Amino acid sequence: MSAHIAIDAMSGDFGPHLLIPACLAALAEDSSLTLTLVGDASLLSDLLTQHSGWDRARLHVEHASEVISMAEKPSSALRGKPDSSMRIALELLRDQRVQGCVSAGNTGALMALARFTLKTLPGVDRPAMMTAIPTQQGECHLLDLGANVDCSAEHLYQFAVMGSLAAASMGVANPRVALLNIGSEAIKGNQQVKFAASLLEQAEHLNYIGFIEGDAVFRGEADVVVCDGFVGNVLLKSSEGLAQLITERIRRVFQESLTGRLVGGIALPLLKRLQDELSPATHNGASFLGLPGVVIKSHGSADQQAFLSAIRRAKQAVAENLPQKLHGHLGDLLL
């Protein structure tokens, strides 16, 4: 299936110097993909001339004169920069000139601009960021990942409904939904989590299984795990750091002695497979659920391979027609 994705080319810690090679790699691996780079047209055109062999019919440039910094307040980005690359990319999506948008920029600004430009689906107060993380059983869908630091019980309930519908649309049968908490007992947690649990217990359309602790997330005891954005972001970044630690420690062990190097040479294909499965770059790209269009947030520090993964995730979301599937069910479940 063909897809046309807008790229906020001025976003991220490294900007277009890193994002352009990732975009060209995405075009090379999928002949049905079209990309529109949004940003300083002169700079983007100059950088593109440094590369050859790409299909000019599938790569366009849309000029935007302003850039939103990673430290900028969402209110400033919303009111003070009408011609930012992030905003123009979202407007292309709103105007149906593209089918999805990918940005590695300021999360708060992306949240504010997406809500302003695209609005939200019926019954959704706030969009939530969701991604799939690896577990012993396969993967788990975690939300929210940082778009909503402070959440009410009603917001957590909405996240659970959206996460369950999204997981089901991806082929998970009757997704098990859990609330992330400091304990599995009913008496544990803050008031918002307890209130959210009471709402979810009454939701007959959800397969709510109760509270879940952080270690159980990675054992795969739930298909959808719900929390506020503060907790979710900490869990995600911690798990990514741990994955990097494990792969680095394994590498050091195999390099410490001749025996280790010999064994490491034999085990190299398995180690490479493990590294690829656990690498944050492989899982980069979080979907904003609750919007009428596909919006993917990449890590700001993403390298070329990680940003390529975010583009792949956008293509997948377009192919799954996820916003439309959510729109068809959310109204009845949330209103």
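Preceding block: the structure.
Scope of this entry: the structure provided in the associated data block. (Residues numbered from 1 in each chain as written. Predicted model: local features only at pLDDT ≥ 70, side-chain atom pairs only at ≥ 80, totals over all residues. Heavy atoms only, no water.)

This part covers the overall build of the protein. Looking only at helices and strands, one finds 12 helices and 11 strands in the protein. For the protein, the C-alpha radius of gyration of 21 Å lies close to 20 Å, the compact-globule estimate for 335 residues. Within the protein, the proportion of its 335 residues that are buried is 51%. Entry remark: accessible area of the protein is about 15400 Å², with carbon and sulfur atoms responsible for 53%. Looking at charge distribution, the protein has the averaged site of its 27 positive side-chain charges lying 3 Å from that of its 34 negative ones. (Helix = DSSP H or I, 4+ residues; strand = E, 2+ residues; numbered from the N terminus. Rg over C-alpha atoms; globule rule 2.2 N^0.38 Å. Buried < 20%, exposed > 50% of the residue type's maximum accessible area, 1.4 Å probe, protein only. Areas by Shrake-Rupley, 256 points an atom, 1.4 Å probe, with all protein chains shown as cover. Lys, Arg positive; Asp, Glu negative; His and termini not counted. Charge placed at Lys NZ, Arg CZ, Asp CG, Glu CD.)

On to the packing of helix H1 (residues 16-29) against helix H2 (residues 41-48). Between H1 and H2, the least distance of the axes is 10 Å, while the angle of their chain directions is 55°. Here H1 lies oblique to H2, going by the angle between them. Crossing angle aside, the handedness with which H1 passes H2 is right-handed. Packed against H1, whose contacting residues are Pro16, His17, Ile20 and Leu24, the element H2 presents Leu43, Leu44, Leu47 and Leu48 at the interface. Residue composition of the contact of H1 with H2, by class: 7 nonpolar, 1 polar and no charged. (Axes fitted to C-alpha atoms, helices over the stretch in contact; angles between N-to-C directions. Parallel < 35°, antiparallel > 145°, perpendicular 65-115°, else oblique. Left-handed = near helix turned anticlockwise from the far one by under 90°. Contact = heavy atoms within 4.5 Å. Nonpolar A, V, L, I, M, F, W, Y, C, P; charged D, E, K, R; others polar.)

Roughly 780 Å³ of volume is contained in the largest pocket. Considering the residues around the largest pocket, the lining is formed by 37 residues, among which Leu236, Lys237, Ser239, Glu240 and His299 are closest to the centre. Counting only elements with at least two residues in the lining of the largest pocket, the list comes to strand S5 (128-135) and helix H9 (229-255). Of the residues forming the lining of the largest pocket, the biggest block, 12 residues, is contributed by H9. Looking at the lining of the largest pocket residue by residue, the class counts come to 17 nonpolar, 17 polar and 3 charged. (1 Å grid on protein atoms, 1.4 Å probe; cavity = no way out; pocket = protein on both sides within 12 Å on 5 of 7 lines; lining within 4 Å. Points joined across faces, edges and corners; volume = space filled by probe spheres on them.)

A separate point is helix H6 (residues 153-169). With 17 residues, H6 should reach 24 Å at 1.5 Å per residue; the first-to-last C-alpha distance of 24 Å fits that figure. By the criterion of burial, H6 is predominantly enclosed, with 14 of the 17 residues buried. Downstream of H6 by a residue or two, Gly171 has a phi angle that is positive, lying close to 105°. (Expected span 1.5 Å × (residues − 1).)

Time to look at the packing of H6 against helix H7 (residues 191-201). The geometry of H6 relative to H7 is characterised by a closest axis approach of 8 Å and an angle of 50° between their N-to-C directions. Of the possible angle classes, the one that applies to H6 and H7 is oblique. Helix-helix and strand crossings are classified by hand; for H6 and H7 the assignment is right-handed. Counting all contacts with H6, which are made through Ala153, Glu154, Leu156, Tyr157 and Ala160, the residues of H7 involved are Gln192, Phe195, Ala196, Leu199 and Leu200. Considered class by class, the residues forming the contact of H6 with H7 number 8 nonpolar, 1 polar and 1 charged.

This paragraph deals with empty space enclosed by the protein. Regions of empty space are outlined by a rolling probe, equal in size to a water molecule, passed over the atoms. For the structure shown, the criterion picks out 2 cavities of 30 Å³ or more. Forming the boundary of the largest cavity are Ser287, Phe288, Leu289, Gly290, Leu291, Gly293, Val294, Val295, Ala317, Leu322, Pro323 and Leu326. Looking at the lining of the largest cavity, the elements that each hand over two or more residues are strand S10 (286-289), strand S11 (294-297) and helix H12 (322-334). Residue composition of the lining of the largest cavity, by class: 9 nonpolar, 3 polar and no charged. By volume, the second largest cavity amounts to about 30 Å³.

Our focus in this paragraph is the nonpolar core. Core analysis: the biggest nonpolar cluster contains 39 residues, and Leu90, Ile212, Val225, Phe288 and Val295 have the highest contact counts within it. Among the elements of the structure, helix H4 (85-94), helix H5 (107-118), S5, strand S6 (138-143), strand S7 (176-180), helix H8 (214-219), H9 and S10 are those that each provide at least two residues to this core. Non-local contacts of Phe288, meaning those with residues more than four positions away in its chain, are made with Leu110, Met111, Pro127, Ala128, Met129, Ala147, Val295 and Lys297. (Core = buried A, V, L, I, M, F, W, Y, C linked by side-chain atoms within 4.5 Å.)

Below, the discussion takes up the pairing of strand S3 (residues 59-63). Where strand S2 (residues 33-39) lies against S3, 5 bridges are found, and the strand directions are parallel. Following the sheet pairing, Leu37 is matched in S3 by Val61. (Pairing = 2+ DSSP bridges.)

Right, let's get into the packing of aromatic side chains. Scanning the model with the defined rule gives 0 aromatic pairs in all. The ring of Trp54 carries the charged tip of Arg56 above its face, separated from the ring centre by 4.4 Å. Here Lys119 stacks its cationic end above the ring of Phe116, 5.1 Å away from the centre of that ring. (Phe/Tyr/Trp six-rings, centres within 6.5 Å; stacked < 30°, edge-to-face > 60°. Lys NZ or Arg CZ within 6 Å of the ring centre and 35° of its normal.)

Our next topic: the state of the cysteines. Enumeration according to the criterion identifies 0 disulfides in this entry. Unpaired in terms of disulfides, Cys23 finds its nearest cysteine sulfur in Cys101, a separation of 11 Å. Cys227 takes part in no disulfide bond, and the closest cysteine sulfur to it belongs to Cys151, at a distance of 8.4 Å. By relative accessible area, Cys227 is classed as buried at 4%. (Disulfide = S-S within 2.5 Å.)

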